[in-house]
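Each chain, letter by letter, is given below.
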Amino acid sequence: MRLIAGIFSLGALIVIAAIGGVGLVVWMYDRDLPSHDSLAAYAPATLSRVYSGEGELIAEFARERRIFTPIDEIPDLVKQAFISAEDKNFYSHPGVDVTGVARAMVANLQALRSGGGRLQGASTITQQVMKNFLLSSDYSVERKIKEAILSIRIEQALSKDQILELYLNEIFLGQNAYGVAAAAQRYFGKTLEDLSLAEAAYLAALPKAPSDLHPVRQRDRAEGRRNYVLREMFENGRIDEAAMRAAQAEPLRTTLDEALSPQVARPSRPDHFTEEVRRRLTAQIGEEALFGGGLTVRATIDPRLQEAAAEALRARLLDWESSAPWRGPVARVEALDPARFAEALREVEAARDIPGWRLAVALDVGARAARLGFEDGAEGELALAGAGRFGRAAGALDRILAPGDVVHVALEGGVWALRQSPELQGAFVAMEVATGRVLALQGGFSYENSVFNRATQALRQPGSAFKPFVYAAALDMGYPPNTTVLDAPVVVDSGGETWKPKNSSGRFYGPAPMRLGLELSRNLMTVRLAQAVGMETVADYARDFGVYRHMPPLLSYALGAGETTLYDLTAAYAMFANGGRRVTPTLVDRVQDRRGVTIYRHDARACPGCDDPSRPPAPRAEAEQVVDPVTARQIVSMLEGVTSRGTAAAPFAGVAFPVAGKTGTTNDAKDVWFVAVTPKIAAGCFIGMDEPTPLGRGAFGGTLCAPVVAQFLRAAHADGRDPGAFDRPDMAFVQQIDRFSGRPVDAGGIAEIFRVGQSPWDMPMIAGDGGLAIAATDLFPLATEENFEGAPPGALAETPAPGAGPQRRLPAISGDLGAPGGLY
């Protein structure tokens, strides 16, 4: 009995010691491992996708190509294939499969005794998920112990379906595909629900060694492993024998086979819009969230309008450079092997995002023709005539091309023609006037030529495109729109320096109504008006509209001497068109996390009754009122004159919808602008060299940019897309006036908008230079259509005529000059 008791006691001590030893090991390795809460919060990095307003995939941001799919959206066929291949006891073990470990140990001992065979592992799906929590992927005892502890712990923190969801979204399946959804797209060009049984089984075969199961280079091995998964599914009762045999008989075909093309959407090429989305979201939510958060981003872009914007801008840039000389090839392929030209050409870094243009390498070049090679291995011929003006100037092709030269060509009338990217650059923005949603954004001729976004990043002088804000300040102060402003020489003195602004024509036109000054972009009238209003006030308006963040009160800024972006200026014009309400432009409507929860929404307006399907949504306008609605409508009315009679009349001839806009051209025509609004859309264009350089004779906002905007707006409002009419505020009324004198007329004039309480017969005069603001119509002859270009006698008179009415003395034109800015 003593012996038996001793043996029992010894056994008990051994058991206790073993339990204590296991407890000690667990305690030693458990201290630095994640808690239940951190395990429960674990989420693998997942790619974020950007969609257009119409649901088209336009961009993806990721470090690892992983598309998160909730477990309830993963087909049972896919789940069972992976469980059968990797962990058939998944739903019954506590995180570590003791039976599987024992089975693997026996199999491995037999393999070692026989001197060969592949060693088996026994990692469960839970353990494979836990590998990501550990700092290394080696096979040390310490790591396996930690892996087991974590696996048991996560089984207490998460349900089996949650663990399986992590696994199926996390696992690496080769070809830079992480997770089953990304792999289904990469290998088969399908969504998960469209996978066949054989295709699901192949994906389930990949976790062990995706590099050893390439579907083309190792097809036999890949099909063998796929068939093993199918057999396991049959033995586990997941499919019947007929389904197994039919799937095993299928040949393995994937998108890696050249003959099979993807059936699912691929993101379009990166462009200035998607890159700007990346920049702004990174600043707003952080790089980690964007590149790993599995976000769904609904962008504002309208693909139809984006295409129209890019086409209009590119066409104008190419047209302006139609006489530029040949600047040489875009690249060269040295030591060109004629047998491998396609491969060499594909490695060349050059723009491939210009519609209709193809990249080609010159294989042989003669005086009259050149043999070209393309990236797909095809060949073609470029004749001397196809070189156009470049060939005519040189007289022979071999004077401008040599073998190995990489060029752009395009089919023109069935033959290849030489193309050259312009040095001249530009930008375009279009947005909704009510919401600021950016519908189109083009930051240059070609994103792949230059990623610099000239719409949002280029700070340039807007020139006369700034003038409407000077006029808005005056109208808001109570000046009626038929206020007469003297167009005569101005000399601004500041500390001994003088500035003599001039009109673009170099002429002086005498007194004329404010409208005429804006329609015809009169600089001297604008300077006098800015002096009357006060540059501090003008600076306030520039800041309120978001044109400049910090504008000094310098007179030259009234003519656009400061620097702004096309993006900000276009948003400012949108505020005129929407009745003076603040617009915050945006490229993103909504951002949702991987679970579909909205974490950002641009439109925060209240919308009572929007859940009622029986009536259309009617969100309340809650934006800040930046300028009086009447003032906003008066500016729009004046700018309508720019497109119908003024500096942008020619490009808009015959338009069937209301449009208002303003040109801008800086000193020496280094920068040219045009921004326009319709009742629905604000659109802006900028054109100039990256290094400010005079553009030459004939370069104005009205000749370069206005045609771009006109072409775009015609496309935007085509096919019955009527933008409607500009609203007229309640506190406004219309009176016909003579365009050149500002006097009210009964008929034959133009419709001018006045504020209720103002008299159209009360016509103040702004003369400047110590002159007066005079409510008078008979001080001296006003301009007429026949004679509005000469300054009338007595234009600088300082005393009103008898009975002229109330008067207000204005300060003389003097003060700080500022940097000479945009003048035209």
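Residues numbered from 1 in each chain as written. Predicted model: local features only at pLDDT ≥ 70, side-chain atom pairs only at ≥ 80, totals over all residues. Heavy atoms only, no water.

## A closer look at the overall build of the protein
To keep things clear, this is the line we draw: Where helices and strands are cited, they refer to DSSP runs of H or I of at least four residues and of E of at least two residues respectively, numbered from the N terminus. In what follows, residue pairs with any heavy atoms lying within 4.5 Å of each other are defined as contacts.
Counting its regular elements, the protein contains 23 helices and 27 strands. Put simply, 70% of the contacts in the protein that link residues at least 6 apart link residues at least 24 apart.

## A few points about the sheet that holds strand E13 (residues 438-442)
Going by this rule: We call two strands paired when DSSP finds no fewer than two bridges between them. Here, axes are lines fitted to C-alpha atoms. For helices the fit covers the stretch in contact, and angles between N-to-C directions go from 0 to 180 degrees.
The five strands are arranged E13-E12-E22-E21-E20 in an open sheet whose pairing can be described as antiparallel. Of all the strands in the sheet, the pair left with one neighbour each is E13 and strand E20 (660-665). Each adjacent strand pair in this sheet contributes to an overall mean axis angle of 5°, direction not counted. The pairing of strand E21 (residues 671-677) with strand E22 (residues 681-688) spans seven bridges and is antiparallel. The residue bridging Val 675 from the neighbouring strand is Gly 684, located in E22. Where helix H14 (residues 303-320) meets the sheet, it contacts strand E12 (425-432), E13 and E22, and its direction lies at approximately 30° from that of E13.

## Comments concerning the state of the cysteines
Put simply, the rule reads: Defined by distance alone, a disulfide is two cysteine sulfur atoms within 2.5 Å.
In total, this model carries one disulfide according to the counting rule given. Disulfide pairing places Cys 685 opposite Cys 705 at an S-S distance of 2.5 Å. Measuring the twist about the S-S bond at about -65°, one finds the Cys 685-Cys 705 disulfide to be left-handed. Of this pair, Cys 685 sits in strand E22 while Cys 705 is found in helix H23 (residues 701-716), placing the two residues 20 residues apart along the sequence.

## Brief notes about the sheet that holds strand E2 (residues 57-61)
Across the sheet, five strands lie side by side as E2-E1-E5-E18-E19; this open sheet has mixed pairing. Edge strands, defined here as strands with exactly one partner in the open sheet, are E2 and strand E19 (598-601). Across the sheet, the mean angle separating the axes of adjacent strands is 15° when strand polarity is ignored. In the sheet, strand E1 (residues 48-51) pairs with strand E5 (residues 296-299) via three bridges, with the strands oriented parallel. Bridge pairing in E5 places Arg 49 opposite Thr 296.

## Observations concerning the confidence of the model for the protein
Stated precisely, the cut-off is as follows: Along the chain, pLDDT gives the predictor's confidence residue by residue, from 0 to 100.
Mean pLDDT over the protein: 84, with 81% of residues reaching 70 or higher. For residues 770-824, every residue scores under 50 in pLDDT, and the model assigns this stretch 151 contacts once sequence neighbours within four places are set aside.

## With respect to the pairing of E12
Note the cut-off: The rule is simple: take the accessible area with a 1.4 Å probe, protein chains only, and divide by the maximum for that residue type; under 20% is buried, over 50% is exposed, in between is partly exposed.
The buried fraction of E12 amounts to seven of the eight residues, a majority that puts the element mostly inside the structure. Bridge count between E12 and E22: eight bridges; the pairing is antiparallel. Bridge pairing in E22 links Phe 428 to Cys 685. Between E12 and E13, which pair antiparallel in sequence order, lie five residues; one of them, Gly 436, sits at a positive phi of approximately 80°.

## Some points on the pattern of salt bridges
Formally: Between Lys or Arg on one side and Asp or Glu on the other, a salt bridge is scored when a side-chain nitrogen of the former is within 4 Å of a carboxyl oxygen of the latter.
Going through the model one piece at a time under the given rule, you end up with 38 salt bridges. Salt-bridge contacts for Lys 208 lead to Glu 86; the nearest nitrogen and oxygen are separated by 3.4 Å. With Lys 208 in the loop between helix H9 (197-205) and helix H10 (219-235) and Glu 86 in helix H3 (residues 76-86), the pair connects residues that are 122 residues apart, well separated along the chain. Sharing partners across several salt bridges, the network here consists of Arg 515, Glu 519, Arg 645, Arg 739 and Glu 752.

## Quick notes on the pairing of E5
Burial of the side chains of E5 is restricted to one face: Val 297 and Ala 299 are buried, whereas none of Thr 296 and Arg 298 on the reverse face is. Pairing of E5 with strand E18 (residues 588-592) involves four bridges; the strand directions are antiparallel. Pairing of Ala 299 across the sheet is with Val 588, part of E18.

## Structural notes on the packing of aromatic side chains
Stated formally: The criterion for an aromatic pair is that two Phe, Tyr or Trp rings (for Trp, the six-membered ring) have centres within 6.5 Å, with stacked assigned to planes under 30 degrees apart, edge-to-face to planes over 60 apart and tilted to the rest.
For the structure on display, the rule yields 21 aromatic pairs. Ring centres 6.3 Å apart and planes at 75° place the aromatic pair Phe 82 and Tyr 167 in the edge-to-face group. Here Tyr 167 lies in helix H7 (residues 160-170) and Phe 82 lies in helix H3, a separation of 85 residues in the sequence. The same class applies to Phe 82 as to Tyr 167, namely buried. Centroid distance Trp 673 to Phe 686: 5.2 Å. Interplanar angle 55°. Geometry classified as tilted. Residue Trp 673 is located in strand E21, and its partner Phe 686 is located in strand E22; the two are separated by 13 residues in the primary sequence. Given a relative accessible area of 1%, Trp 673 falls into the buried group. By the ring-pair criterion, three or more aromatic residues cluster together here, those being Phe 466, Phe 469, Phe 545, Tyr 548, Tyr 557, Tyr 573 and Phe 576.

## Some thoughts on the packing of helix H17 (residues 467-476) against helix H21 (residues 566-577)
Axis angle and axis distance: for two packed helices, these are the angle between their axes and the distance between the axes, and together they describe the pair. To keep it simple, the criterion reads: Crossing handedness follows the turn of the near helix against the far one: under a right angle anticlockwise gives a left-handed crossing, and clockwise gives a right-handed one. In this count, Pro and Cys sit with the nonpolar residues alongside Ala, Val, Leu, Ile, Met, Phe, Trp and Tyr, while Asp, Glu, Lys and Arg are called charged and the others, Gly among them, polar.
At a minimum axis separation of 11 Å, H17 and H21 run at an interaxial angle of 35°. For the element pair H17 and H21, the recorded crossing hand is left-handed. On H21, the residues touching Pro 468, Phe 469 and Ala 472 of H17 are Leu 569, Ala 572, Tyr 573 and Phe 576. In the contact of H17 with H21, the residues fall into seven nonpolar, no polar and no charged.

## As for unusual backbone geometry
A positive phi angle, near 55°, is found at Gln 175, a position not held by glycine. The exposure class assigned to Gln 175 is partly exposed, which follows from its relative accessible area of 29%. With a phi close to 60°, Asp 668 is a non-glycine residue in the positive phi region. Topologically, Asp 668 is positioned in the loop between E20 and E21.

## Focus on the packing of helix H8 (residues 180-188) against H9
Contact geometry for H8 and H9: axes closest at 11 Å, N-to-C directions at 115°. Remark: the crossing between H8 and H9 carries right-handed chirality. In this structure, H8 uses Val 180, Ala 183, Ala 184, Tyr 187 and Phe 188 to contact H9, whose residues at the interface are Glu 199, Tyr 202 and Leu 203. In the contact of H8 with H9, the residues fall into seven nonpolar, no polar and one charged.

## Examining H9
The buried count for H9 comes to nine of nine residues, which makes it a mostly enclosed element. Within the span of H9, buried status applies to Leu 197, Ala 198, Glu 199, Ala 200, Ala 201, Tyr 202, Leu 203, Ala 204 and Ala 205. Summarising the contacts, the buried residues of H9 are in contact with H3, H8, H10 and helix H11 (241-249).

## Points about the environment of Arg 340
Stated formally: Residues adjacent in sequence count toward polar contacts only when both atoms are side-chain atoms; beyond that, a polar contact is any pair of N or O atoms within 3.5 Å, and within protein one must be able to donate a hydrogen and the other to accept it.
Summarising the element assignment, Arg 340 is placed in the loop between strand E6 (331-332) and helix H15 (341-346). Separated by 33 residues in sequence, Arg 340 and Gly 373 have C-alpha atoms that sit 9.9 Å apart. For Arg 340, the side chain forms a polar contact with the side chain of Glu 343, separated by 2.8 Å.

## Some details on the nonpolar core
Inclusion rule: In this description, a nonpolar core means a group of buried Ala, Val, Leu, Ile, Met, Phe, Trp, Tyr and Cys residues linked to one another through side-chain atoms lying within 4.5 Å.
Phe 428, Phe 545, Phe 712 and Leu 713 are the most contacted members of the largest nonpolar core, which has 132 residues in total. Not counting chain neighbours up to four residues away, the residues in contact with Leu 713 comprise Phe 652, Phe 657, Val 659, Ala 676, Thr 678, Ile 681 and Ala 683. One finds Leu 164, Phe 188, Ala 201 and Ala 222 within the second-largest nonpolar core, a separate group that totals 52 residues.

## Some details on a negative patch on the surface
Worth spelling out the cut-off: Two distance rules govern patches: like charges are joined within 9 Å, and nonpolar side chains (Val, Leu, Ile, Met, Phe, Trp, Tyr) within 5 Å, applied only to residues with over 30% relative accessible area and no salt bridge. Working definition of accessibility: Shrake-Rupley area with a 1.4 Å probe, residue cover restricted to the visible protein chains. We treat Lys and Arg as the positive residues and Asp and Glu as the negative residues; His and chain ends play no part in the count. Here the site of a charge means NZ on Lys, CZ on Arg, CG on Asp, or CD on Glu.
A cluster of acidic side chains, namely Asp 72, Glu 73, Asp 161, Glu 193 and Asp 194, defines a negative patch on the protein surface. Here Asp 194 is to be found in the loop between H8 and H9. A residue is classified by how much of its surface remains accessible, and Asp 194, at 46% relative accessible area, is partly exposed.

## Details of the side chain of His 408
By secondary structure assignment, the location of His 408 is in strand E10 (residues 405-412). Residue His 408 is classed as buried on the basis of its relative accessible area, which comes to 3%. Within the local environment of His 408, its side chain forms a polar contact with the backbone oxygen of Ala 351, the two atoms lying 2.8 Å apart. With near-sequence residues (within four places) excluded, His 408 lies in contact with Val 330, Ala 351, Trp 357, Arg 358, Leu 359, Ala 417, Leu 418, Arg 419 and Ser 421.

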